[in-house]
Amino acid sequence: MIRAFLDALGPDHARPVRNRLLLTAAVSALQGVLLALLVPVFAALLGPGPEAALPWLAALLAVTAGYAVLRSVSLYLNFTLGGSISRGLHRRIGDHVARLPLGWFTGARLGELNRIATDGVSRTMQVPVHILPPLSDAVITPAVALVGLAVFDWRLAAAAAVAALPLWAAFRRSNAAVARNDAARDAAADEAAGRVLEYARAQPVLRAFGRLDQGHAALEESLRGEHAAVRRLLLRAVPAMFAFGFLARLAFGALLAVAVLLALDAQTPAPLLVALLVPVARCAHAVAGAAELGGALRMAETGLRRINEVLAAEPLPEPDRPRRPERFDVEFDSVSFRHDDGTQALSDVSFHVPEGSVTALVGPSGAGKTTAARLLARFHDATGGAVRIGGVDVRDIGSEELSRHVAMVFQDVYLFDATIADNIRLARPGADGAELERVARLSGLDRVVAELPDGWDTRVGEGGTALSGGQKQRVSIARALLKDAPVVVLDEATAALDAENEAVVSAAVTELARERTVIVIAHRMATVRAADRIVFLDGGRVAEQGAPGELAAANGRYAEFLHARQKALGWRLTAAAST
Ligand SMILES: Nc1ncnc2c1ncn2[C@@H]1O[C@H](COP(=O)(O)OP(=O)(O)OP(=O)(O)O)[C@@H](O)[C@H]1O
């Protein structure tokens, strides 16, 4: 557990955390000494010469003063440690995910990250404040007191040591029961959280098709699963904890019986035995609560394990000496890509996009168009072959430099809960008002801004909820124009656009393509035909490539695709229009 804790906090925090944990243990040990010192004090007070208690009392008071100071310092430091753990973990997780490939951020991962950053971190920060100090008091204090006890009466100490063995076994058993069932509860909670999000996101579709019951059934099932997992945790872990508490009290009773037997046997003076039972009674209470604390520690460990899993995700390897491309043509050279689950998304894909030209990626659903576009922006690294910009492998450019050269216009535009102006300035924070106006004009965003109540200062809401799909896409295009990157990857969205938006976006895309190298995942036939080259993908391979006219005339896969599209749209094209 401590190892996982130190791993999660990283090397910067490891030394102070270790020191504070050692201080916590030392304070508990000192408490054990304090309890052991009670024995001679009480023995003397109850015995024939109470004045013999005075030197022990002096020692007791001195240790108590030291203990009080150290306990206060330790508590204070542990509280500050709790706060710095929260900040440190958030920063560490934030820094780490910022270096992870964009392909890592799937919907499920985002939900998981959210739970880790809230529930996982808050459980972890409880550890030094609310779990370890009392747990250390329940384990270290009795162990030290036991050694002290042995000095005064080895028989009672030996009986206490024997009683500790089954207690230790029960403690481990109870901890294991919590760890096992809490991991299952955590997985079920994850599933339920994912289903709740899915249900919320799917509302428009479920309502449109009158299938609210169906979405609800899946949600209900996952909630039932979570409920069952919580029940299992309670049914299996709580009895183990109760059994431990019962055993702890039973052990105290047994020690009491041993003390009586020793007194009857006149082996140990009765006043000493009574004095010996004082620290034993004091420890019994703390020990009885150990199983609950051990359980809480295991639950925090579940959160820590998930944090460490995120921290173990491999960031994109950065080149030792980043290279800067001098020109901006794009080349896919025998590129293959396999997902972690084994799906081969691309196989031996090769094509070249000359600088300043537009290449449309076309093909049926699942052909690998999105995957190819994403490899250019290093959402993932190719598992075979190389993607190059200006002859330089994207892996050798370095992610910061690469992001300066590549602008992305994707369907799922994310907007921050800030003003429209701030959202566009994200592309170039220093851009002035005139530059904003220029890109707004080119992207058709000027008309949107003119209609908004506060113009450029209108807040768009989290995720851009205050804007329509088409308006959001204009913002995304404006961002890309402002960024002025030489390479643009564009995922053309048609679903969100009405006729007016489509015309505006189409003009903006033409503007974006001016003097830039563009790879467009094309859905509209107008874009396909206007491209300089077409790469037709099918099943992750290049089925055909060439100029639109050439391919249409070749009567191959592209012509077939074109024909099917035109038929679907009910278009009648003349031979002239098709070239
Ligand atoms: N995260 C993922 N894990 C596993 N397989 C994936 C993942 N994302 C995509 N795939 C698979 O990779 C293949 C290529 O998908 P890709 O999204 O690139 O196709 P596409 O041509 O863009 O399709 P569409 O036009 O429908 O968006 C498909 O078989 C898809 O099922």
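Just so it is clear, the model here is predicted, and its values are computed rather than measured. (Residues numbered from 1 in each chain as written. Predicted model: local features only at pLDDT ≥ 70, side-chain atom pairs only at ≥ 80, totals over all residues.)

## Remarks on the packing of helix 2 (residues 11–46) against helix 3 (residues 53–98)
It is at 8 Å that the axes of helix 2 and helix 3 come closest, and there the two elements cross at 155°. What the angle tells us is that helix 2 and helix 3 run roughly antiparallel. Along this stretch, helix 2 crosses helix 3, giving a crossing that reads as left-handed. A class-by-class count of the residues in the contact of helix 2 with helix 3 yields 21 nonpolar, eight polar and two charged. (Axes fitted to C-alpha atoms, helices over the stretch in contact; angles between N-to-C directions. Helix = DSSP H or I, 4+ residues; strand = E, 2+ residues; numbered from the N terminus. Parallel < 35°, antiparallel > 145°, perpendicular 65-115°, else oblique. Left-handed = near helix turned anticlockwise from the far one by under 90°. Nonpolar A, V, L, I, M, F, W, Y, C, P; charged D, E, K, R; others polar.)

## Some remarks on the site of the ligand
Residues in close proximity to the ligand include H339, D341, T343, A345, G363, S365, G366, A367, G368, K369, T370 and T371, which together make up its full environment. Ranked by residue count, the leading element in the shell around the ligand is helix 10 (residues 369–376), at three residues. Split into classes, the residues belonging to the shell around the ligand amount to two nonpolar, eight polar and two charged. (Near = placed C-beta within 6 Å.)

## Some details on the UniProt feature "transmembrane region" (unreviewed entry) in the protein
What UniProt calls "transmembrane region" (unreviewed entry) maps, in this numbering, to residues 21–46, 52–70 and 241–264. Along residues 52–70 the backbone is 95% helical and 0% strand, and the end-to-end C-alpha distance reaches 28 Å. Here residues 241–264 is 100% helix and 0% strand, with 35 Å between the C-alpha atoms at its ends. (UniProt positions renumbered as here; feature names shortened; annotations may be inferred.)

## Thoughts on the environment of A164
Within the secondary structure layout, A164 lies in helix 5 (residues 154–201). For A164, a count of 18 C-beta atoms within 10 Å puts it in the partly exposed group. Each C-alpha atom, one on A164 and one on P142, is 9.7 Å from the other, the two residues being 22 residues apart in sequence. (Buried ≥ 20, exposed ≤ 12 C-beta atoms within 10 Å, placed from the backbone.)

## Details of the pairing of strand 1 (residues 330–338)
Side-chain direction in a regular strand flips from residue to residue, so the side chains alternate between the two faces of the sheet. Two elements, strand 1 and strand 2 (residues 344–353), share six bridges in a ladder whose sense is antiparallel. Within strand 2, the residue paired with V335 across the bridge is V349. Once strand 1 ends, the chain turns through five residues before running back antiparallel as strand 2, passing G342 with a positive phi of about 95°. Relative to strand 4 (residues 384–389), strand 1 runs antiparallel, the two being bridged by five bridges. The partner of S336 across the bridge, within strand 4, is G384. (Pairing = 2+ DSSP bridges.)

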